[in-house]
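# Notes for the structure review
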Amino acid sequence: MTYKYETHLHTCQGSACGVTDGADYIEPFFKAGYSGIFVTDHFFGGNTAAPREGNWQDRIDVYCSGYEAALKKAREFNEKNGLLGTDREFKVFFGIEQTFDGDDYLVYGLDKNWLYDHPEIETIRHTELFEAVNREGGLMIQAHPFRLRYYIQAIHVHPRDVHGVEIYNGGNKPTENELAELYARQYDFPVTSGSDIHNASFIIPEPGKMPLGGMEFDTPLKDIFDYANRIKNKEGRIIR
């Protein structure tokens, strides 16, 4: 048995471009053979659904609400189906997608309480964020580094400020994924894959719809730091 995890997912609560409630991803992904998801909603540098002004903790509460809805639903689903404490338990992990000048980074290992205590995260740049993630033992991955769209003015890479590269993204053109893989190989980076899913209807493959991505492992993930360490050690297999 293997264990598949979606590493790049957006909810309508945390991402302005999100379509699906966090709770509504659980059963479809389980039925598709996945063992868990990472909710990585757009943070304040990007297309967030959270307020850009007001009390900091209130803003963080809104930002984290999609993840919390997914986590609550997963607990209910696991209890109902007798999966709690088993290898088949469906897990939900928290992540962040932060944007700098159009380039996006997936951050794993900074939780809600960390965000409460560090409002400076809204304005710090690549290096400071990377250093903060390192201090917490987390993981920082550049997402779809060679994507170019009307809302992205230029391609930027920061090889000193990442642990690895997302070389497969379900929303990318094939050439963009190929360029990301070449970049990762050039720097010998750990690599990841993610669907970048915004709509749960894409979980059921249909012509013209975004294919799924993610990472596959031989044993279940224990927590977010287990994932960070496995990726840093170049463990796991790309789903594409």
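In this convention, every chain numbers its residues from 1, walking through the sequence in written order. Restriction of local features to residues with pLDDT of at least 70 applies here, the model being predicted, together with a cutoff of 80 or more for giving and counting side-chain atom pairs; totals for whole chains, interfaces and linings are based on all residues. With hydrogens and water set aside, each side-chain value is computed from the structure's full complement of heavy atoms.

### A few points about the packing of aromatic side chains
- Pairing of aromatic rings covers Phe, Tyr and Trp, the last counted by its six-membered ring, and requires centre-to-centre distances within 6.5 Å; plane angles under 30 degrees mean stacked, over 60 mean edge-to-face, and any other angle means tilted. All chains considered together, the criterion is met by 23 aromatic pairs.
- Between the aromatic rings of Phe29 and Tyr34, the centroid separation amounts to 5.0 Å while the plane-to-plane angle is 75°, which identifies the pairing as edge-to-face.
- An angle of 45° between the planes, with centres 4.6 Å apart, marks the rings of Phe38 and Tyr227 as tilted. Taken together, the residues Phe38 in strand 2 (residues 34-42) and Tyr227 in helix 6 (residues 224-232) connect sequence positions 189 residues apart.
- Buried, partly exposed and exposed residues are distinguished by accessible area as a fraction of the type maximum, computed with a 1.4 Å probe on protein chains only: under 20%, between the cut-offs, and over 50%, respectively. The class for Phe38 is buried, based on a relative accessible area of 0%.
- Within the aromatic cluster, the residues linked to one another by ring pairs are Tyr5, Phe38, Phe93, Tyr108, Phe217 and Tyr227.
- Only Lys NZ and Arg CZ are tested; either one counts as a charge over a ring when it is within 6 Å of the ring centre and within 35 degrees of the ring normal. One cation-aromatic arrangement involves Arg59 over Phe44; the distance from NZ or CZ to the ring centre is 4.3 Å.
- Above the ring of Phe217, the side-chain terminus of Arg230 is found at 5.2 Å from the ring centroid. Only DSSP runs of H or I covering at least 4 residues are called helices, and only runs of E covering at least 2 are called strands; the numbering of each starts at the N terminus.

### Observations regarding the pairing of strand 7 (residues 191-194)
- In the sheet, strand 6 (residues 164-169) pairs with strand 7 via four bridges, with the strands oriented parallel. Note on strand 7: the bridge partner recorded for Tyr168 is Ser193.
- Looking down the strands as they point away from the viewer, one classifies a crossover as right-handed if the path from the first strand across the helix to the second runs clockwise. Handedness of the crossover joining strand 6 and strand 7 through helix 5 (residues 174-187): right-handed. By this definition, two strands are paired if DSSP reports at least two bridges between them.

### Comments concerning the pattern of salt bridges
- Each reported salt bridge corresponds to a side-chain nitrogen of Lys or Arg within 4 Å of a carboxyl oxygen of Asp or Glu. A full pass over the atoms with the stated rule returns 14 salt bridges.
- The partner of Arg149 in a salt bridge is Glu176, with the nearest N and O atoms 2.7 Å apart. Pair noted here: Arg149 is in the loop between strand 5 (139-143) and strand 6 and Glu176 is in helix 5, with a separation of 27 residues, a long-range link.
- On the basis of relative accessibility, which here comes to 22%, the residue Arg149 falls in the partly exposed class.
- When its relative accessible area of 5% is taken as the criterion, Glu176 is described as buried.

### Details of the pairing of strand 5
- Burial analysis of strand 5 places five of its five residues in the buried class, which makes it a mostly covered element.
- In strand 5, alternate side chains face the same way, and those of Leu139, Ile141 and Ala143 on one face and Met140 and Gln142 on the other are all buried.
- One ladder, built from five bridges, connects strand 4 (residues 103-108) with strand 5; its direction is antiparallel. Among the inter-strand pairings, Asp104 is bridged to a residue of strand 5, identified as Ala143.

### Quick look at the sheet that holds strand 1 (residues 3-9)
- Ordered by their spatial adjacency, nine strands build an open sheet running 7-6-5-4-3-2-1-8-9, and the pairing between neighbours is mixed. Looking along the sheet, the strands with just one partner apiece sit at the ends: strand 7 and strand 9 (237-239). Across the sheet, the mean angle separating the axes of adjacent strands is 30° when strand polarity is ignored.
- Direction of pairing for strand 1 relative to strand 8 (residues 214-217): antiparallel, over a ladder of three bridges. If you follow Tyr3 over to strand 8, its bridge partner there is Phe217.
- Working rule for contacts: check all heavy atoms of both residues, and any pair within 4.5 Å makes them a contact. Only C-alpha atoms enter the line fits that serve as axes; for helices the fit covers just the stretch in contact. Angles between N-to-C directions range over 0 to 180 degrees. Set on the sheet, helix 2 (residues 56-80) makes contact with strand 2 and strand 3 (91-100); between it and strand 3 the angle comes to about 165°.

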